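Okay, here's what each chain looks like letter by letter:
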Amino acid sequence: MTIPGPNGASTATTNAIAGGAFMAPVVQTGTINGGIHHHFPPPSTPAIPRQLPRNAPHFTNRDTESAALDAARTTGTSMMVLSGIAGVGTSALAAQWLHAQAPSADGQLYADLTHTAERRPEAVLQRWLRALGVDRAPAQEADAVGLWRSLTADRAVHVLIDGAVDAEQVRPLIPSGPRSLTVITSRKLLWELAVDGALVLPVNPLSRRDAVRLLCAVAGDPQAADDASLPGAEALAEACAHLPLPLVITGARVRARPGRRPFTFPARTAGSPPYLPQEHARMATTEALDASYADLEFDTKRLYRALGSLPARTVDADLAAAVCEIPPAVADWLLQVLVDERLLDFVPGDSPEPRYRMNDAVRDHAYAKALDADTEQEREAALRRLCDWMLTRARHAQRLVTSAQATLLNPGPVSGGPFEDKETALAWLDGQEEDLLPVLKAAESAGWDGLIVGMVDAWWPYFLHRHPYKLWIDAHVIGVAAARRSGNAPVLRQMLASGAIGLSARGYIDRAVQWYEEVREGARTAGDARDEGQALHGLGACHLESGQLDRARQRLEAAMSLWEACGYPRGVGLAEITLGEVCLAEANPTAAREHLASAHNRLNDLGEAYEGARALALHGHARTRSGETAEGIAELKQALETITGSPRWHARTLEWLGEAHRQSDDTVTARACWSEAAALHESLGRSTDASRLRALAAGQ
């Protein structure tokens, strides 16, 4: 550069900027007259991140879950885990709820951990830090986590972490500030995060009504949800297992079918073309469950398939161990894995051991996997192990509860076994009630007649004490058919006799008489006095029920004679109880008391506390009928203490107690007894008795 000197001469001068680069403006010039003004652009403000997915357009009911989230937030909880099977809608619920919290958020961040690019915490944090205004986010995880926690310490950042696999994947992503919110969705339970203060909230499939509403809304025909003449919507919702994702996909496919009003398609039949909506629903459900199944380890997959292929609806560790031939501790662990994956649900109840259940969609999926992966021989072997397991335990329960009636099982002392006492044995039978009939039908298909009759006979304590009449009758229909096929006459007589008791109690008197008569003829032919007495006793009870008192007395007295001759005192006592009822029906309480007192003493001497209590209840009723009201009330109350395990006899005793209190002018107590008795009759399906007692309780 040339600059004029003091005398006008030119002087050559050179300028240079030494050192490193500068971030501030630099001016390089000659003579400067006046000031230099440099105008900086205003600093840019980063946009507040709003990364949450949009709300689902047809979001349907989650009031219970949303209320739980609101309540947790109110108490200061800042982390929530929504767990559920694939397709159940945890992501939609999380987004819906977090959108409602937007006014209190300084930013909303989102990560989908099912995507390969976001499975590493540092990858998620780098993106989130950039969204919060950090130009160069640290590459190392530890540095990124430290900066993330610093930036969120004083902010209210709302974070949705979708598709988490485990707790360790999530913990680095949790903001540190107390005003922040973190919602995590996962197919696993992620109970470990409860240690960090998280609310762990299982999300279940929609109710039937809500599933139909969602399906109809997506299909463009919301009115169909209330149209009882269009059952197709309900059938489709069932095929989707009430899971929102399959429901939405199926609804969209229904809506896309031109030229036909939604939900008027024909029912699915064999050979139906694959484009029918039912097939779409099943495909969508299967895709969701395949994702969960793929993550399981080998042994867990094997147990999952076994549970899907077996007829048992509920499972505990003992059953799982028997079916898969593994130690109970291992079975317990595998069941917990399936629960964590939301492929099993916990069954609430009083069972001493945890029990679990598969919903229908999961069961169908597990069964399909069993058909693909397991041979027919393997599946049959697993079924046999299940049946043997159930039979072994039912026999032990039978020995504990009704050993004197174990006609197909050699009675004897009980040593060892899975049950400590009668109460735990009956509790186990309670838990197996819904599995008995499916297991019997599966055994029938397999041709295991001997196992069938053993199982039906072993369930006698449950029939006697709980009175599940439909199950009682259905099980004995299968048992009688199996006994006929086996050609074993004594076994057939036992099936007919115990089944006829259930038929009679349910009011099917004519059919009960037919079964008893067949027992009687068979026993006479075989010269079996005890079985013949059993048939005569049953016939006497049937005649009493139908009001044929003379015929009832004849049959009962004949039964007592046979049993006295063959040395069966228990049978004599039971016949005396029924004979006492005949006397009461004849309005002869004095004669009734004689028979019932004899029966009570005889049965108590034999250690038959329950049967003795039945005799005592009737004796108390007879005393009331004789005018000894106070004494009758005392005996009825005493009988109730022992008889509560039998709903039918509990109800009868309460009815008599109500009559006694009315006779003593205590109307309030009488009505309370009748109301309680009516409820018990309703639970047994005895609507006529229930209505009669309701009327009495109402003072009609």
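Below or above, wherever it landed, is the structure these notes cover. (Residues numbered from 1 in each chain as written. Predicted model: local features only at pLDDT ≥ 70, side-chain atom pairs only at ≥ 80, totals over all residues. Heavy atoms only, no water.)

### Overview of unusual backbone geometry
Applied cut-off: Every helix listed is a DSSP run of H or I at least four residues long, and every strand listed is a run of E at least two residues long, numbered separately from the N terminus. Only protein chains enter the accessibility calculation, which uses a 1.4 Å probe. A residue is then buried if its area is under 20% of the maximum for its type, exposed if over 50%, and partly exposed in between.
The phi torsion at Leu 190 lies on the positive side, around 50 degrees, for a residue other than glycine. You can see Leu 190 is positioned in the loop between strand E6 (181-186) and strand E7 (199-202). According to the relative accessible area criterion, Leu 190 is buried, its value standing at 4%.

### What about the packing of helix H11 (residues 317-324) against helix H14 (residues 376-401)?
The criterion, for reference: Where helices are involved, their axes are fitted lines through C-alpha atoms of the stretch in contact, as for all axes, and angles between N-to-C directions lie from 0 to 180°. Throughout, the term roughly parallel applies to angles under 35 degrees, roughly antiparallel to angles over 145, roughly perpendicular to angles from 65 to 115, and oblique to all others. For any pair of crossing helices, the crossing counts as left-handed if the nearer helix is rotated counterclockwise from the farther one by less than a right angle, and right-handed if it is rotated clockwise. Residue contacts are defined here by distance: any two heavy atoms, one from each residue, within 4.5 Å place the two residues in contact. Asp, Glu, Lys and Arg are counted as charged, while Ala, Val, Leu, Ile, Met, Phe, Trp, Tyr, Cys and Pro are counted as nonpolar; the rest, among them Gly, fall into the polar class.
It is the contact of H11 with H14, at a shortest axis distance of 8 Å, that shows an interaxial angle of 135 degrees. Relative to H14, H11 is oriented oblique. Here H11 runs over H14; the crossing is right-handed. Packed against H11, whose contacting residues are Asp 318, Leu 319, Ala 322 and Val 323, the element H14 presents Ala 382, Arg 385, Leu 386, Trp 389 and Arg 393 at the interface. Class assignment of the residues belonging to the contact of H11 with H14 gives a composition of 6 nonpolar, no polar and 3 charged.

### Quick look at the packing of aromatic side chains
To keep it simple, the criterion reads: Stacked, tilted and edge-to-face pairs are distinguished by plane angle, under 30 degrees for stacked and over 60 for edge-to-face with tilted covering the rest, among Phe, Tyr and Trp rings (Trp via its six-membered ring) whose centres lie within 6.5 Å. Ring-over charges, as used throughout, are those where CZ of Arg or NZ of Lys falls within 6 Å of the ring centre and within 35 degrees of the ring normal.
Under the counting rule described, the total for this entry stands at 11 aromatic pairs. Between the aromatic rings of Phe 419 and Trp 428, the centroid separation amounts to 5.6 Å while the plane-to-plane angle is 45 degrees, which identifies the pairing as tilted. Exposure remark for Phe 419: the relative accessible area of 10% places this residue in the buried category. Looking at Trp 428, the relative accessible area reads 10%, which means it is buried. Taking 5.6 Å as the distance between ring centres and 85 degrees as the angle between the ring planes, the aromatic pair formed by Trp 460 and Trp 472 counts as edge-to-face. Of the two residues, Trp 460 sits in helix H18 (residues 460-466) while Trp 472 sits in helix H19 (residues 469-486), which places them 12 residues apart along the sequence. A residue is classified by how much of its surface remains accessible, and Trp 472, at 2% relative accessible area, is buried. Joined through ring pairs, the aromatic side chains of Trp 389, Phe 419, Trp 428 and Trp 459 make up one cluster. A cation sits over an aromatic face here: Lys 301 above Tyr 293, 5.1 Å from the ring centre.

### Description of the environment of Gly 220
You can see Gly 220 is positioned in the loop between helix H6 (208-219) and helix H7 (232-239). When the C-alpha atoms of Gly 220 and Arg 255 are compared, they prove to be 6.2 Å apart, with 35 residues separating the residues in sequence.

### Brief notes about the environment of Arg 551
Filter applied, for reference: In protein, a polar contact means a hydrogen-donor-capable atom and an acceptor-capable atom, both N or O and within 3.5 Å, with residues adjacent in sequence counting only if both atoms are side-chain atoms; elsewhere, any N or O pair within 3.5 Å suffices.
Mapped onto the secondary structure, Arg 551 falls in helix H23 (residues 549-566). On the basis of relative accessibility, which here comes to 37%, the residue Arg 551 falls in the partly exposed class. A sequence separation of 10 residues divides Arg 551 from Ala 541, and the C-alpha atoms of the two residues are 9.8 Å apart. Within polar-contact distance, the side chain of Arg 551 engages the side chain of Gln 548 at 3.2 Å.

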